[in-house]
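# Residue-level structure breakdown
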Amino acid sequence: MEKEQLIYIDDAVRSWLETLDKIIPKLIEDMVTSTKQNRFDLVTNVDKSIQHNFEQFLKQNFPEHQLFAEEKSNEEVHPKEGHVWVMDPIDGTTNLVKQQEDYCIILGYFIDGEPMLSYIYDYPHGQLYKAAKGYGAYVNGKRLEKPESIDLQDAIISFNTLVMNDETIHGLNDASFSHRFIGSCGLDSIRVIKGQFGAHVNTNPKPWDIAAQFLFASELGLKMTTLDNMELDFSKAGPFIISNNACHEEVLGILNSGDGYKIQ
Ligand code: IPD
Ligand code: CA
Ligand code: CA
C-alpha cells in the first residue's frame, strides 16, 4: 500500500476515535448491562454503540472494508481477504461495568492478512497507542522506544490465575519478580509494549483481543506467539503470549512443564 493511502486511513480513523470522547460519557451515564453466555460474560450499550458507530464510519468512508468484531456475527467475513478491521469495541467490559476504569478500544487493520495499522485506545486515561507497519509505535503521537530486556526474575508478569492450575501459577510466581493482572487483554499487553511488564499470557483470547498487538510486537522487537512458540493466526487467535524477548522462552517453559497450565 502507498504511504499516502495509509496516512489517509490513519487520519480518518484517528478522527473517528476522537469523536468517541464526546459520545462515551453519555453512553456510560445511561449504561445498560446485559449478559451473554453466563452471568460473568457482560456486554453493555457502550460496547454495542461504539461498534455500531465504527460500522457506520466504515460504510461511509471505506465501503469495501470488512468488519470482524466481537458484538456481531462474522459469518460473512473473510478475515484474510482484502481490507479487514478487527475490533473489540470495549476490551475489559467487566472493568467498565464494575470500576469505570481499565478498559480500552482495540482496532487492527489488515490487508490480505497482513497487519498495517493498530490502535489501542485507553479512553479513561486519554492515551491512544498506535502502530503503523514500518513506521514504529506511538502514544499520543510520541514515539515509543523498544523496551529494554527484562529477565524473568526481574519481571512483573500478567496472567489470569482463575484459568491456570496451581502448579503453573506457583511456577510462574516463583520464577518472576511479581504478578499483576489488569483484566483487559489490550491494556495488559500495553504494559509489555511499554516495558512495564515482562509478559502477558492469555489462555483463551479471541481475534479481537489480540488484533492490534501484532504490529506493536513487530515494530518494537517483542515476541508474540502461541504458547507452543508457534506463529499466531490472527483470524483464529487461541492461547497467546506477548513478551519481552528476554523472558519469553522461560515463561513458555514453565507453562508447558509437567502436565501444562490447564486446569484438569
Ligand atoms: C476480556 C478481557 C480479559 C481477558 C478475556 C477477554 P472482554 O475481553 O480482555 O482480560 O482475560 O480473555 O475476553 O470480554 O472484556 O472484551
Ligand atoms: Ca476483549
Ligand atoms: Ca469486548
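Residues numbered from 1 in each chain as written. Chains lettered and ligands numbered in written order. Predicted model: local features only at pLDDT ≥ 70, side-chain atom pairs only at ≥ 80, totals over all residues. Heavy atoms only, no water.

## Overview of the packing of aromatic side chains
One pass over the full model with this rule turns up twelve aromatic pairs. A ring pair is formed by F54 and F57, whose centres lie 5.6 Å apart and whose planes are at 25 degrees; its orientation type is stacked. Here F54 and its partner F57 are both found in helix α2 (residues 45-61), three residues apart, which amounts to about one turn of the helix. We note that F54, like F57, is buried. Cation over ring: K130 sits above Y138, and NZ or CZ is 5.6 Å from the ring centre. (Phe/Tyr/Trp six-rings, centres within 6.5 Å; stacked < 30°, edge-to-face > 60°. Helix = DSSP H or I, 4+ residues; strand = E, 2+ residues; numbered from the N terminus. Buried < 20%, exposed > 50% of the residue type's maximum accessible area, 1.4 Å probe, protein only. Lys NZ or Arg CZ within 6 Å of the ring centre and 35° of its normal.)

## Some thoughts on helix α4 (residues 166-175)
Taken together, the buried positions of α4 are occupied by T168, I169 and L172. Angularly, the buried residues of α4 cover 100 degrees about the axis, an arc narrow enough to put them on a single face. α4 presents D166, E167 and D174 as exposed residues on the side facing more than 90 degrees away from its buried surface. Turning to α4, the residues buried within the fold contact β10 (156-158) and α8 (245-255). (Arc of directions from axis to C-beta. Contact = heavy atoms within 4.5 Å.)

## Regarding the UniProt feature "binding site: Mg(2+) 1" (unreviewed entry) in the protein
Summarizing the sequence annotation, UniProt attributes the feature "binding site: Mg(2+) 1" (unreviewed entry) to E70, D88, D91 and D209 in the numbering used throughout. The largest pairwise C-alpha distance within this set of annotated residues, which runs over 140 residues, is 9.7 Å, so the set is compact in three dimensions. Checking the annotated residues one by one, the ones that line the largest pocket turn out to be E70, D88, D91 and D209. Position of E70 relative to the elements: it lies in the loop between β3 (66-69) and β4 (83-91). If you trace the backbone, D88 turns up in strand β4. Residue D88 is classed as buried on the basis of its relative accessible area of 1%. Beyond its immediate chain neighbours, meaning those up to four positions away, D88 contacts E70, C104, I105, I106, W208 and D209. (UniProt positions renumbered as here; feature names shortened; annotations may be inferred. 1 Å grid on protein atoms, 1.4 Å probe; cavity = no way out; pocket = protein on both sides within 12 Å on 5 of 7 lines; lining within 4 Å.)

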